[in-house]
Amino acid sequence: MSHFSRIKVAIKDGEVLHQVLQELGYVVECHTQVRGYQGDKTEAEYVIRRSNGYDLGFRRDDGDDSYELVADFWGAKINQQEFVNTIVHKYAYKKLMASAQAQGFNVESQETLEDGTVRVVVGRWV
């Protein structure tokens, strides 16, 4: 019986996801298996290997073209919400900055608020 759970995450760009995971200090293996309880395995596009044998993986959900986090969370022993929030937060920031640059905007200022929100002011000459 599989003990893997899935959590949908608001991420669609796999390359940026891979960059984010690496920037957060994770060693990421691509297109391999996620390990779980008693040797159970499932496929994922991006896998963070863990020394306790309970990996964390991200794979594309065919239903809506976004990614889902897949893991045996009982054995992974992580704070799921904190882990996902950190990744989604950094992902959204990277996508915003890339989109602003692609549209010709320059970052005029940015600040991190007490609640962790990042306020970015962009502008461009027209």
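Residues numbered from 1 in each chain as written. Predicted model: local features only at pLDDT ≥ 70, side-chain atom pairs only at ≥ 80, totals over all residues. Heavy atoms only, no water.

Participant: Give me the lowdown on the overall build of the protein, citing residues and values where you can.
Facilitator: When helices and strands are counted, the protein shows three helices and seven strands. Ordered by position in the sequence, the α and β elements of the protein form the string β-α-β-β-β-β-α-α-β-β. Taken along the three principal axes of its C-alpha coordinates, the protein extends 60 × 30 × 25 Å. Split into buried and exposed, the 126 residues of the protein put 33% on the buried side. Partitioning the intrachain contacts of the protein with sequence separation of at least 6 by distance along the chain shows that 43% fall at a separation of at least 24. (Helix = DSSP H or I, 4+ residues; strand = E, 2+ residues; numbered from the N terminus. Buried < 20%, exposed > 50% of the residue type's maximum accessible area, 1.4 Å probe, protein only. Contact = heavy atoms within 4.5 Å.)

Participant: Pulling in residues and values, what's your account of helix 3 (residues 80-102)?
Facilitator: Given a rise of 1.5 Å per residue, 23 residues ought to cover 33 Å, and the 33 Å separating the end C-alpha atoms of helix 3 matches this to within 8%. Here helix 3 has its buried residues at Phe83, Val84, Ile87, Tyr91 and Ala100. On the buried face of helix 3, the contacting elements are strand 1 (5-9), helix 1 (14-23), strand 3 (41-48), strand 4 (56-61), strand 5 (66-71) and strand 7 (118-123). Its side-chain oxygen placed 3.2 Å from the backbone nitrogen of Gln81, Asn79 serves as the N-cap of helix 3. Just beyond helix 3, the residue with positive phi is Gly104, at close to 85 degrees. (Expected span 1.5 Å × (residues − 1). Polar contact = N/O pair within 3.5 Å; in protein donor to acceptor, adjacent residues only side chain to side chain.)

Participant: Go over the sheet that holds strand 2 (residues 28-35), please, and point to the residues and values.
Facilitator: Each strand in a sheet pairs with its neighbour through backbone hydrogen bonds, running either in the same direction (parallel) or in the opposite one (antiparallel). Spatial ordering of the open sheet is given by 1-5-4-3-2, a layout of five strands whose pairing is antiparallel. In this open sheet, the two strands that pair with only one neighbour each are strand 1 and strand 2. Taken over all neighbouring pairs, the strand axes of this sheet differ in orientation by 45 degrees on average, direction set aside. Where strand 4 meets strand 5, six bridges bridge the pair, whose relative direction is antiparallel. Pairing of Gly57 across the sheet is with Val70, part of strand 5. (Pairing = 2+ DSSP bridges. Axes fitted to C-alpha atoms, helices over the stretch in contact; angles between N-to-C directions.)

Participant: Could you give an account of the pattern of salt bridges, naming the residues involved and the relevant values?
Facilitator: A full pass over the atoms with the stated rule returns twelve salt bridges. Between Lys8 and Asp64 there is a salt bridge, and its shortest N-O distance comes to 3.8 Å. Of this pair, Lys8 sits in strand 1 while Asp64 sits in the loop between strand 4 and strand 5, and the two are 56 residues apart along the sequence. Judged by its relative accessible area of 35%, Asp64 falls in the partly exposed class. In this structure, Asp65 and Arg60 form a salt bridge, with 3.2 Å as the shortest nitrogen-oxygen distance. Judged by its relative accessible area of 44%, Asp65 falls in the partly exposed class. Overall, Arg60 belongs to the partly exposed group, its relative accessible area being 26%. Residues participating in the shared-partner salt-bridge network are Glu29, Arg35, Arg49 and Asp55. (Salt bridge = Lys/Arg side-chain N within 4 Å of Asp/Glu carboxyl O.)

Participant: Mind laying out the nonpolar core, listing which residues take part and the relevant values?
Facilitator: In this structure, Leu17, Leu21, Leu56, Phe58, Phe83 and Ile87 are the most contacted members of the largest nonpolar core, which totals 21 residues. If near-sequence neighbours (up to four positions away) are discounted, Leu56 is found in contact with Val34, Tyr46, Val47, Ile48, Arg50, Leu69, Val70, Ala71, Phe73, Ala76, Ile78 and Phe83. In this structure, Phe4, Ala44, Val47 and Val70 belong to the second largest nonpolar core, which totals five residues. (Core = buried A, V, L, I, M, F, W, Y, C linked by side-chain atoms within 4.5 Å.)

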